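# Structural features, examined
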Amino acid sequence: MSAPVVSATMGAMNPLIGKLATLMGEEYKKLTGVRRQASFLKDELSTMKALLEKLELMNELDPLAKNWRDHVREMSYDMENCIDDFMQDLGGVDAKTGFIKKTVKRLKMLRKRHRIADRMEELKALALQANERRMRYKIDDCANSTTRVVPIDTRMVAIYKQAAGLVGIDGPKKELVSWLTDTQEKVKVVAIVGFGGLGKTTLAKQVYDTIGGQFSCTIFLSVSQRPYMSSLLGGLLSKLGMKEELTHAHDVQDIIGRLREYLTPKRYLIVVDDLWDQSTWNIMSCIFPEVRNGSRVIVTTRVEDVAIWACHNDHECVYRMEPLKEQDSRMLFCNRVFGSGNVCPPDLKEVSVEILKKCGGLPLAIITIASLLASHQTRSKDKWESIRNSLGAKIATNPTLEEMRSILNLSYMHLPLHLRPCLLYLGMYPEDEMVMRHDLVLQWIAEGLVNCSHGSDLEDIGKSYFNELINRSLIQPAGTSESGEVEGCRVHDIMLDLIVSKCVDQNFINVAYNCEDVAKMHACEYKVRRLSLKSSTNDATLRIVDTSMSQVRSFAQFGESKYTPPLSLFKYLRVLVFIFPFKRSTIVDLTAIGQLFQLRYLKVSAFPCFIDLPTEIRGLVHLETLEISGNSPSIPSDIVCLPRLSRLILQCLSLTRLPQGIANIKSLRALHCMENISLEDINAVGELTSLRELRLSTKVVAGEVDALVSLIGKLHDLKYLAVRAESSKHHCDPMYSLSNPPLHIEELDLFGWTLKRVPTWIGDLHILRILVLWVDNLSNDEVHVVGKLPCLVHLDLWVSAEGGAAICTGLFQVLKVLRLFSHDDVAHMQFQIGLMPSLRQLTLEVNNGWGGAVPRGMEHLLALDHISVFARDGVNHHDVESAFRSVVDVHPRRPSLEIIPPPSLDSINLVKL
């Protein structure tokens, strides 16, 4: 049976009706009158829901219909909050009959029962008034007379087409590369300017990837329209691995000084993406030291004056982007709709030409409309003509923001209804933010936006929602895992503008940047349901978040602040997110969260800020996700009493061990703790048989190896296992005797646990995608064990002994990433024809005593895109680059090359934890 979900247009109508049905159940039969009132409300609201479903399919609404829809939507939220209060007073929906009898007795004594009955009467009156207004203003007639957009059946597209789908970019890329690779020694700034949706960022990223290997430091930095410079530049310090410097930086000027100091000895390539004004550039440009080593800066902007200013008035350094030519537009369109290399059917050629004309050569418009057409299971000429007629006529001759928005709005209106609130929820995040898929999906689930049916896993369904939004090109993929899976997304700023406007129209999300924005919310007709405070909000803004916002269901705060809003006011909060920059001065006060009985999702990312947690949280009976990244010396001990907690992520600087009694949290599906844990902790985790994902860090002490092997054998349903050890000197002999490994595992990371050889049971892991191992020796047989794994796409391997095994043709058929660290000379390696046909990234290590030769047969790695070489101390980096550059220059794919400092246990992040 499908679970009721929240909707952007209908609000909480679906879950409200479901909760009223619960109140009509047997467990509440002793509450005289409540069941009768609940039945009446359910019937009244169900008739309203049917009309709301019609209205949700409409693009333009009659003002009366819109007003009635908005009123009923807000009423549904208030009613659900009221019913939640009833259920909280009655002991919750899971209460047993015996407990209800005791509760009823108590309610009689405290007269709460009468107050509930009175409140139910008020809800009944509200419902009657809404239905009377519906009849009086003939809302049904308004709905029937309004043009409707027919909903499209959903379809999951298995593979997202990435770089192979880029067209029309080779010429501009070649020209920009020539500008940036000239002989000029002084720092050179090149600007790409053009209308939104032309592909400026895509072009800059292609150039960046093409020439990045020629520079010792590369940075791709998104600025956005409302940059908060302290967070932006502080985040840059953090990305460069300068977290310690950031803790001592007191202001923007200090951060700039440290960045200049870092960049001065380096030949750098920096992309400043999405620059909007000269004042921002005046600050940004201060971080670029004027060194005469051929360093380069690329700027993208919509504003020509900004582009010219950034290039020091040198018009020769400003590249003006043009719309795609007709042939390139057609190729991009056809590749997306019909697949690469396929052509448009004859019956659709004429209408496709007309659609392309209306897209005006804008890649964002073309890919958005093409993705909409690709989402249809059948290709109907009538449907294509309907979409053509819906497109504005001006964009081909006068591409304006409004015309571009109309194209994106068309795709929004063709979204299946269950995906609309999921897309709108991205309005919670700042512009240019990379939004991690697992965070977004869990927030959707916590807000009730994901529909569970037929026993399917909610996270899997949410992941499908995410993939479908990508396939429709409404969000853009950002970041991939080691196995090649899309991990996050970004939203194009024009699409984000549309999302925010939809959120305002439907009172779905309110966004505040300053005090004035919050003041407007106080004056608004409707209550605030979801609130996002973006990076430039200050303490004064937060202090006026008061009782008028007590109905908030999601609250997110991005950016630095010394003030935490009064969380105790947010009685109905489901989702709570704090994302702060790397600053020590911030204290995140979470002591009031124990009163947030509806809370389902809590994430705090604030390294190394102090996070103040309450002593008790057992009242958070709905909490499913708890993620704490910061400085918190302890976790509430009663966390082990939370009945629904399924995801516990602890990255706490002062945490010394897992909560005592953690073995009692049988609902846990994911557990991360990257501080060193004890032998007792490992034994306790072995009792959590529902775990699907486990990531731990430990010191190797007596007994831990046996405990680790026992743990792996008990957790049969594990899909992701990363247990990292500080020491690489301790042999893990019991690992060979593991008789019942988790056969469903997709990722196995045993970083720091040294094995004498590869365990034979690894060959039984037929769906393993990621493997990280340290071994003393690697024989031919062991290479075959790993090389025959049918799904292995990422392999990180440390080999201690010299003298490697031969890798034969036919092995590692799907491997995409190989990172090999060996004491052996790379000159002894040989890649045979047919070996690793899918390999895209290769990382090798060059040690002291290197003779200057490179591996043989690298030209046979026909899919290779990137080569990284770790050069040990004492090895001449210039010689290493020269030797491998000779390979790159003759390779058929011309892969990029990166020479980097030697690896260490602390500096290498093999698999993202």
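What you see is a predicted model; the values in this text were computed from it and never measured.

## Notes on the overall build of the protein
If you tally the helices and strands in the protein, you get 28 helices and 26 strands. Relative to its 913 residues, the protein shows a buried fraction of 55%. Contacts in the protein between residues at least 24 apart in sequence constitute 64% of all its contacts with a sequence separation of at least 6. Of the roughly 38200 Å² that the protein leaves accessible, carbon and sulfur atoms contribute 50%.

## Considerations on the side chain of Arg 529
Here Arg 529 is to be found in the loop between helix 23 (515-523) and strand 10 (530-533). Side chain to side chain, Arg 529 and Glu 74 meet in a polar contact 2.9 Å long. Reaching out from Arg 529, the side chain makes a polar contact with the side chain of Asp 78 at a distance of 3.1 Å. Those residues in contact with Arg 529 that sit more than four places away from it in its chain are Glu 74, Tyr 77, Asp 78, Asn 81, Asn 507, Phe 508, Asn 510, Gln 551, Val 552, Arg 553 and Ser 554.

## Notes on the sheet that holds strand 6 (residues 435-436)
With antiparallel pairing, 3 strands are arranged side by side in an open sheet as 6-8-7. Here the strands that pair on one side only, and so sit at the sheet edges, are strand 6 and strand 7 (476-480).

## Quick look at the side chain of Arg 69
Inspection of the secondary structure puts Arg 69 in helix 3 (residues 63-89). On the basis of relative accessibility, which here comes to 5%, the residue Arg 69 falls in the buried class. Discounting residues that sit within four places of it in the chain, Arg 69 has contacts with Thr 9, Leu 52, Leu 55, Leu 61, Asp 505 and Gln 506.

## Some words on the sheet that holds strand 1 (residues 188-193)
Read from one edge of the open sheet, 5 strands run 2-3-4-1-5, paired in parallel fashion. Every interior strand has two partners, whereas the edge strands, strand 2 (217-222) and strand 5 (318-320), have only one. Across this sheet, the average inter-strand angle for adjacent strands is 15 degrees, counted without regard to direction. Across 3 bridges, the pairing between strand 1 and strand 5 is parallel. Bridging from a neighbouring strand, Ile 192 pairs with Tyr 319 of strand 5. Contacting strand 1, strand 2, strand 3 (268-275), strand 4 (296-301) and strand 5, helix 8 (residues 200-211) runs over the sheet at an angle of about 170 degrees to strand 2.

## Focus: the packing of helix 2 (residues 34-56) against helix 3
One way to put it is that helix 2 packs onto helix 3 with a least axis distance of 11 Å and a crossing angle of 135 degrees. As far as their axial angle goes, helix 3 and helix 2 are oblique. Like other packed secondary-structure pairs, helix 2 and helix 3 cross with a definite hand, here left-handed. Listed contacts from helix 3 to Leu 41, Leu 45, Met 48, Leu 51, Leu 52 and Leu 55 of helix 2 are Ala 65, Trp 68, Arg 69, Val 72, Met 75 and Met 79. Taken together, the residues of the contact of helix 2 with helix 3 break down into 11 nonpolar, no polar and 1 charged.

## Overview of helix 15 (residues 346-359)
The end-to-end C-alpha distance of helix 15 is 20 Å, a good match for the 20 Å that 14 residues give at a rise of 1.5 Å each. The sharpest bend along helix 15 reaches about 25 degrees and sits at Ser 352. Listing the buried residues of helix 15 in full gives Leu 348, Val 351, Ser 352, Ile 355, Leu 356 and Cys 359. Of the residues trailing helix 15, Gly 360 is marked for its positive phi of about 60 degrees.

## Remarks on the packing of aromatic side chains
As enumerated under the stated definition, the model contains 16 aromatic pairs in all. Ring plane angle 45 degrees and centroid distance 5.8 Å describe the contact between Trp 281 and Phe 288, whose orientation is recorded as tilted. Accessibility expressed as a relative area gives 4% for Trp 281, which makes it buried. Among the residues examined, Phe 288 registers a relative accessible area of 10% and is labelled buried. Ring centres of Phe 333 and Trp 384 lie 6.0 Å apart, and the angle between their planes is 90 degrees; on these two criteria the pair is classed as edge-to-face. In this pair, Phe 333 sits in helix 14 (residues 326-338) while Trp 384 sits in helix 17 (residues 381-390), placing the two residues 51 residues apart along the sequence.

## Remarks on the environment of Thr 201
Secondary-structure assignment places Thr 201 in helix 8. Look at Thr 201 and you get partly exposed, because its relative accessible area is 36%. As a C-alpha pair, Thr 201 and Ser 222 span 21 residues in sequence and 9.4 Å in three-dimensional space. The residues touching Thr 201, leaving out its near neighbours within four places in the chain, are Phe 220 and Asp 273.

## What about the pattern of salt bridges?
A side chain of one charge can pair with a side chain of the opposite charge when the charged atoms of the two come close. Summed over the entire model, instances satisfying the criterion amount to 44 salt bridges. Between Lys 719 and Glu 746 there is a salt bridge, and its shortest N-O distance comes to 3.6 Å. Of this pair, Lys 719 sits in the loop between helix 26 (704-714) and strand 19 (720-725) while Glu 746 is found in the loop between strand 19 and strand 20 (747-755), placing the two residues 27 residues apart along the sequence. Between Asp 865 and Arg 840 there is a salt bridge whose closest N-O contact spans 2.7 Å. Taken as a pair, Asp 865 in the loop between strand 24 (841-846) and strand 25 (866-871) and Arg 840 in the loop between strand 23 (817-822) and strand 24 lie far apart in primary sequence, 25 residues in all.

## Looking at the confidence of the model for the protein
Residues at a pLDDT of 70 or more form 84% of the protein, whose mean pLDDT is 80. Here residues 92-97 is modelled with pLDDT under 50, and outside its nearest four sequence neighbours on either side it reaches 10 contacts, counting other chains as well. Within the model, pLDDT remains below 50 along residues 903-913, and this stretch shows 41 contacts once partners closer than five positions in the same chain are excluded.

## Quick notes on the nonpolar core
Generally speaking, soluble globular proteins have nonpolar side chains that are buried together. Core analysis: the biggest nonpolar cluster contains 120 residues, and Leu 576, Leu 590, Leu 694, Leu 748 and Phe 884 have the highest contact counts within it. Setting aside residues no more than four positions away along its own chain, Leu 590 makes contact with Leu 567, Leu 576, Phe 578, Leu 602, Val 604, Ile 611, Asp 612, Leu 613 and Pro 614. By size, the runner-up hydrophobic cluster in this structure holds 96 residues, among which are Cys 334, Leu 423, Leu 424 and Leu 442.

## Regarding helix 1 (residues 13-23)
In terms of burial, helix 1 is largely enclosed, as 8 of its 11 residues are buried. All of the buried residues along helix 1 are Met 13, Asn 14, Pro 15, Leu 16, Ile 17, Lys 19, Leu 20 and Leu 23. In this fold, the buried residues of helix 1 make contact with helix 2 and helix 3.

## Let's talk about the pairing of strand 12 (residues 575-579)
Judged by how many residues are buried, strand 12 sits mostly within the fold: 4 of 5 residues are covered. Note: strand 11 (residues 554-558) against strand 12, 5 bridges, orientation parallel. Bridged to Ser 554 within strand 12 is Val 575. Bridging between strand 12 and strand 14 (residues 601-612) involves 5 bridges; their strand directions are parallel. Considered in strand 14, the bridge of Ile 579 is made with Ser 605.

## Looking at the state of the cysteines
Overall, the coordinates contain 0 disulfides when judged by the stated rule. We note that Cys 334 lacks a disulfide partner, and the nearest cysteine sulfur, in Cys 344, lies 5.4 Å from it. Here Cys 344 falls in the buried class, since its relative accessible area comes to 7%.

## Re the environment of Cys 334
Within the secondary structure, Cys 334 is located in helix 14. The class of Cys 334 is buried, set by a relative accessible area of 9%. Between the C-alpha atoms of Cys 334 and Ser 352, which are 18 residues apart in sequence, the distance is 9.2 Å. Dropping the residues within four chain positions of it, Cys 334 is found in contact with Gly 339, Asn 342 and Cys 344.

Reading the values: the criteria
- Residues numbered from 1 in each chain as written.
- Predicted model: local features only at pLDDT ≥ 70, side-chain atom pairs only at ≥ 80, totals over all residues.
- Heavy atoms only, no water.
- Helix = DSSP H or I, 4+ residues; strand = E, 2+ residues; numbered from the N terminus.
- Buried < 20%, exposed > 50% of the residue type's maximum accessible area, 1.4 Å probe, protein only.
- Contact = heavy atoms within 4.5 Å.
- Areas by Shrake-Rupley, 256 points an atom, 1.4 Å probe, with all protein chains shown as cover.
- Polar contact = N/O pair within 3.5 Å; in protein donor to acceptor, adjacent residues only side chain to side chain.
- Pairing = 2+ DSSP bridges.
- Axes fitted to C-alpha atoms, helices over the stretch in contact; angles between N-to-C directions.
- Parallel < 35°, antiparallel > 145°, perpendicular 65-115°, else oblique.
- Left-handed = near helix turned anticlockwise from the far one by under 90°.
- Nonpolar A, V, L, I, M, F, W, Y, C, P; charged D, E, K, R; others polar.
- Expected span 1.5 Å × (residues − 1).
- Bend = angle between axes of the 7 residues up to and from the residue.
- Phe/Tyr/Trp six-rings, centres within 6.5 Å; stacked < 30°, edge-to-face > 60°.
- Salt bridge = Lys/Arg side-chain N within 4 Å of Asp/Glu carboxyl O.
- pLDDT = per-residue confidence, 0-100.
- Core = buried A, V, L, I, M, F, W, Y, C linked by side-chain atoms within 4.5 Å.
- Disulfide = S-S within 2.5 Å.

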